[in-house]
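Close look at the chain arrangement
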Amino acid sequence: MSRLDALGLDELRERQRATDLEILTMGITFTVYSDGENIDRAWPFDIVPRLIAGSEWERVEIGLKQRLRALNMFIDDLYNDRRIIADGVFPAGLLEDSENYRPECEGISPKFGVWAHISGSDLVRGGDGEFYVLEDNLRVPSGVSYVIENRGVAKRVFPELFERQRVRPVDAYTDELNKMLASIAPDGRSRPQIAVLTPGIFNSAYFEHSFLAQRMGAALVEGADLTVGDDDCVYMRTIHGLERVDVIYRRIDDLFIDPEVFREDSMLGVPGLMRSWKAGNVGIANAPGAGVADDKCVYAWVPDMVRYYLGEEPLIKNVPTYRCMYDDEREYVLAHLDELVMKPANESGGYGIVIGDRASPDELAHVRGAIEADPRNWVAQPILQLSTAPTLVDEGLEPRHLDLRPFVLTGANSYVTAGGLTRVALTKGSLIVNSSQGGGSKDTWIVDAVPAPDGAPSQSQSQSQSQSESQSQGAS
Amino acid sequence: MVLLSRVADRIYWAARYIERAEDAARVLRSFGDVLADIPTSGSARWNSLVAVAGSDVELEPEDGSDERPVVRYLIADPEHSNSILNTVEACRENLRTCREVLPREAWQTVNDLSIYVRATAPTSIGRRAREAFLLRVVNDSRRLDGVLTVAMTRDAAYELWRLGRYIERGDMTTRVLGVRAATLLQLPPGGHDEFAEVRWMSVLRSLSALQMYQRASPGPIDGPDVVRFLLFDHHFPRSVAGCLAEIRSSVLRLPGNETVMHMLERADRELKNCRPHADDGAELDDAMDRVQLSLAGLHDALAARYLRF
């Protein structure tokens, strides 16, 4: 960070202002729902990058690929043989109660046995400096477009820093996504037509849907643009008439994708889509039903899945998790509410989470009641001492808490983004990083040492800089 | 390259809206100029302009002049769907849903303009601030065309953009002539307007046509000549004939265009058959109505064939 210090606070603020303006002009936005209106807001971006050493990142990459392989084998197993239940590794009761289990998907085996093709796992760096997985997002994780946009902006803000060190590029993601999606097209379709299925302009991630379609040269479609023919193939309505669609990257929750099978009041989906998918006439990513493993209770079993399916030790750890469905673990949670974070199993976006040491007695009493009423749907974790990084705020450069969401593609092969989306809580002491709740973002640099001219590695700047990311003292 | 009908619809309308904003800006600029040259009195000198926006409201004068209410109505009225504020926003909203088919700079241009218009329109009513505002709208609209001209593949999406532009543009030329017809109608029967030349000059200027007209028709400005130029000179890109020629070249590059070609030929015929006498307000007005109707018919055929989804 010494180079940033050398610039001085005034220069940093000036660059931050110029950047905010650029983001506004380029129309990099996200949509928030507030006061009955959808507001298109400029993407919040803190110009100070977050640095992670390349050598450390390689271990994270391998760990994430391993984790997603196991999770996909788990989903495929649940919808087919259920070996993991028969072998007593995963409790049958948990599956029966799962909100995201789709009986309509039983007996299906998508190409490569992969269901969650695109995932975003949230990582945090704990008190010991290690990365932990906080949760897996296997349904329609968003944020990757901002990873790429943030980098584009950062290169213009700090061109001099990019000259001095090797920062791994992030641009290749959309090509990798394109290849992966093409690989799940029905057999025999050369040059498959790919479509990104969006719920439309009012969705909070519409910017991203549009961005991904642009970068892949894919069609950006809404439900009404698609129709399923008598031949059980999917078509889109174009000015040339109906054109076949081979692969759909759906950004709609699976309950809404096909009113014939799931919610019949859905206006967003395509009647017959499930029929077409089951017949093998269209590839869908992520596969309907993949969300069964995206559940904060199922999460607690992921390390067991890695051991069971792969015979390997998990390379990235879970945060220790108390499962309220078990009497002894629940009793511990209820006795230590003020020291734990309580999470409902199926909420996303940070909603419903209760942080014990910040909650009022009323809130604690309320969550106690909720856990007792529905123990299967609650887990609890120790309050993590999330790492912090210097962030430009009103007071100057100050430490703020952050997390990291790398994106993992799983098909015939696996791919992990170089870094991912770093989200930062802009309020002092806050642990809430969601952009819908006042969080910001940072560009994430995976930095490799640049060899010195004589061939010997120079003193690695990345090492010293990544240490500037530090632990907060105390849970505050 | 495939083009969804829904996306075709949005591109076509985005083009119409930005052209509408640009045309309104151009007309407002030239109208301010001409009034400075005509020492007439009266409080309702500006109201005829609302017809350019396809409206017939009567706006109440403020401080003895209707300039501010009319300009506000055309530039910044949030309730008026064809105010520049709203047409620029409508263009942006349409393009926002088809970013994947346009060059990135195109979206950025209109997004940038929209941010500017939202921030500045309400304070751009007075004469001095107005000029900078209107110029920016005209320039950014042209910049948008420039980006597409140099950076966009000539696919169906591009042709639909051109169709939106030229249908709106042809329509606007007839509206400006219609407003001129209205001032002719206000003359007493057999009356002579000593400012006729200035008014015709303003008509030309509001269509960015003055210089090109003068090159085509050297000598003093002559009403019948101006009308001929703006309707029939197909070398001039804002004349109705010029717009129809551009429309033809785009329609020919679209698939399955029979019904649209049919309506285009009707519009061509309608234009050829109208020979209005430039000094007869009623005749000119009637002729412009008929040309507008044939353009509307062309739009309907286009919408039925390509834009329904």
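A quick note: this is a predicted structure, and the numbers were derived from the prediction, not measured.

So, the overall build of chain A
Looking only at helices and strands, chain A features 14 helices and 25 strands. Its C-alpha atoms give chain A a radius of gyration of 23 Å, near enough to 23 Å, the size a compact globule of 476 residues would have. For the C-alpha atoms alone, the extent of chain A along its principal axes is close to 65 × 60 × 55 Å.

Things to note about the overall build of chain B
What chain B contains, in helices and strands, is 12 helices and zero strands. If you list the helices and strands of chain B from N to C, you get α-α-α-α-α-α-α-α-α-α-α-α. The C-alpha radius of gyration of chain B comes to 19 Å, within 12% of the 19 Å expected for a compact globule of 309 residues. Principal-axis analysis of the C-alpha atoms gives chain B an extent of 60 × 45 × 35 Å. Here chain B holds 309 residues, and the buried ones make up 50% of them. Sequence-distant contacts, at least 24 apart, represent 68% of the contacts inside chain B between residues at least 6 apart.

Brief notes about the packing of helix α6 (residues 156-185) of chain B against helix α10 (residues 240-251) of chain B
Residue and element names in this part refer to chain B. One way to put it is that α6 packs onto α10 with a least axis distance of 9 Å and a crossing angle of 165 degrees. When the interaxial angle is binned, α6 and α10 end up roughly antiparallel. Crossing of α6 against α10: the hand is left-handed. Here Glu159, Arg162, Leu163, Tyr166, Ile167, Arg169, Gly170, Thr173 and Thr174 of α6 come into contact with α10, specifically with Val240, Cys243, Leu244, Glu246, Ile247 and Ser250. Per-class residue counts for the contact of α6 with α10 are seven nonpolar, four polar and four charged.

Things to note about the sheet that holds strand β7 (residues 194-197) of chain A
Residues and elements named next belong to chain A. Spatially, β8-β7-β12-β13 is the arrangement adopted by the four strands of the open sheet, whose pairing is parallel. Looking along the sheet, the strands with just one partner apiece sit at the ends: β8 (219-221) and β13 (283-285). Across the sheet, the axes of successive neighbouring strands diverge by a mean angle of 25 degrees, strand direction being ignored. Alignment of β7 against β8, held across three bridges, turns out to be parallel. The residue of β8 that forms the bridge with leucine 197 is valine 221. Sheet strands in contact with helix α8 (residues 173-183) are β7, β12 (247-250) and β13, and its direction is about 125 degrees off that of β12.

Concerning the interface of chain A and chain B
With 20 residues of chain A at the interface, the matching set in chain B holds 19 residues. If you list the elements that add at least two residues to the side of chain A that touches chain B, you get α2 (9-26), α9 (206-216), β8 and β10 (234-238) of chain A. For the side of chain A that touches chain B, a count of residues per class yields 10 nonpolar, six polar and four charged.

Overview of the sheet that holds strand β18 (residues 378-382) of chain A
Within a sheet, neighbouring strands are paired by backbone hydrogen bonds and run either parallel or antiparallel to one another. All names here are of chain A. Pairing is antiparallel in the open sheet, where four strands are placed in the order β15-β18-β16-β17. Each edge of the open sheet carries a strand with a single partner, namely β15 (322-323) and β17 (354-355). With two bridges joining them, β15 and β18 adopt antiparallel strand pairing. Paired with arginine 323 across the bridge in β18 is valine 379.

Quick word on unusual backbone geometry
Residues A:Ala285 and A:Asn286 are joined by a peptide bond in cis, for which omega reads -15 degrees. With respect to the helices and strands, the residue A:Asn286 is situated in the loop between β13 and α11 (302-310). Backbone geometry places A:Arg82, a non-glycine residue, at a positive phi of 55 degrees. Mapped onto the elements of the fold, A:Arg82 is located in the loop between α3 (54-78) and α4 (83-86). On the neighbour-count criterion, A:Arg82 (14 C-beta atoms within 10 Å) is partly exposed. One non-glycine residue, B:Ser208, adopts positive backbone phi at about 50 degrees. Mapped onto the elements, B:Ser208 comes out in the loop between α7 (196-206) and α8 (210-216). On the basis of neighbour counts, which here come to 18 C-beta atoms within 10 Å, the residue B:Ser208 falls in the partly exposed class.

Remarks on the environment of A:Leu426
Residue and element names in this part refer to chain A. Looking at the element boundaries, leucine 426 is found in the loop between β23 (421-425) and β24 (439-448). Residue leucine 426 is classed as partly exposed on the basis of its 19 C-beta neighbours within 10 Å. Along the backbone, leucine 426 and threonine 227 are 199 residues apart, and their C-alpha atoms lie at a distance of 44 Å. In this view, leucine 426 contacts Val393, Arg400, Gly438, Gly439 and Gly440; residues no more than four positions away in its chain are not counted.

Notes on the domain arrangement of chain B
Residue and element names in this part refer to chain B. Split by domain assignment, chain B resolves into domain 1 (14-152) and domain 2 (153-309). The C-alpha-based centres of domain 1 and domain 2 are spaced at 20 Å. Contact with domain 1, which involves 21 residues of that partner, is made by 23 residues of domain 2. Considering every element that reaches the side of domain 1 that touches domain 2, the biggest residue donor is helix α1 (residues 5-37), with 13 residues.

Notes on the environment of B:Ser124
All names here are of chain B. Inspection of the secondary structure assignment puts serine 124 in the loop between α4 (104-120) and α5 (127-151). Along the backbone, serine 124 and arginine 269 are 145 residues apart, and their C-alpha atoms lie at a distance of 42 Å. In contact with serine 124, other than residues within four places in its own chain, are Ile75, Ala76, Ala129, Arg130 and Phe133.

A look at the domain arrangement of chain A
Residues and elements named next belong to chain A. Its domain assignment divides chain A into domain 1 (46-314 + 386-427 + 440-470) and domain 2 (321-382). For domain 1 and domain 2, the distance between their C-alpha centres works out to 27 Å. Taken together, the nine residues of domain 1 in the interface contact seven residues of domain 2. Residue composition of the side of domain 1 that touches domain 2, grouped by class: four nonpolar, one polar and four charged.

What to know about the confidence of the model for chain A
Residues and elements named next belong to chain A. Mean pLDDT for chain A: 89, with 92% of residues reaching 70 or above. Residue range residues 455-468 is modelled with pLDDT below 50. Its contacts to residues more than four positions away, or to other chains, number 24 contacts. With pLDDT under 50 throughout, residues 471-476 is counted as low confidence; its partners more than four residues away or in other chains account for 12 contacts.

Reading the values: the criteria
Residues numbered from 1 in each chain as written. Chains lettered and ligands numbered in written order. Predicted model: local features only at pLDDT ≥ 70, side-chain atom pairs only at ≥ 80, totals over all residues. Helix = DSSP H or I, 4+ residues; strand = E, 2+ residues; numbered from the N terminus. Rg over C-alpha atoms; globule rule 2.2 N^0.38 Å. Buried ≥ 20, exposed ≤ 12 C-beta atoms within 10 Å, placed from the backbone. Contact = placed C-beta atoms within 7 Å. Axes fitted to C-alpha atoms, helices over the stretch in contact; angles between N-to-C directions. Parallel < 35°, antiparallel > 145°, perpendicular 65-115°, else oblique. Left-handed = near helix turned anticlockwise from the far one by under 90°. Nonpolar A, V, L, I, M, F, W, Y, C, P; charged D, E, K, R; others polar. Pairing = 2+ DSSP bridges. Domains from an automatic or database assignment. pLDDT = per-residue confidence, 0-100.

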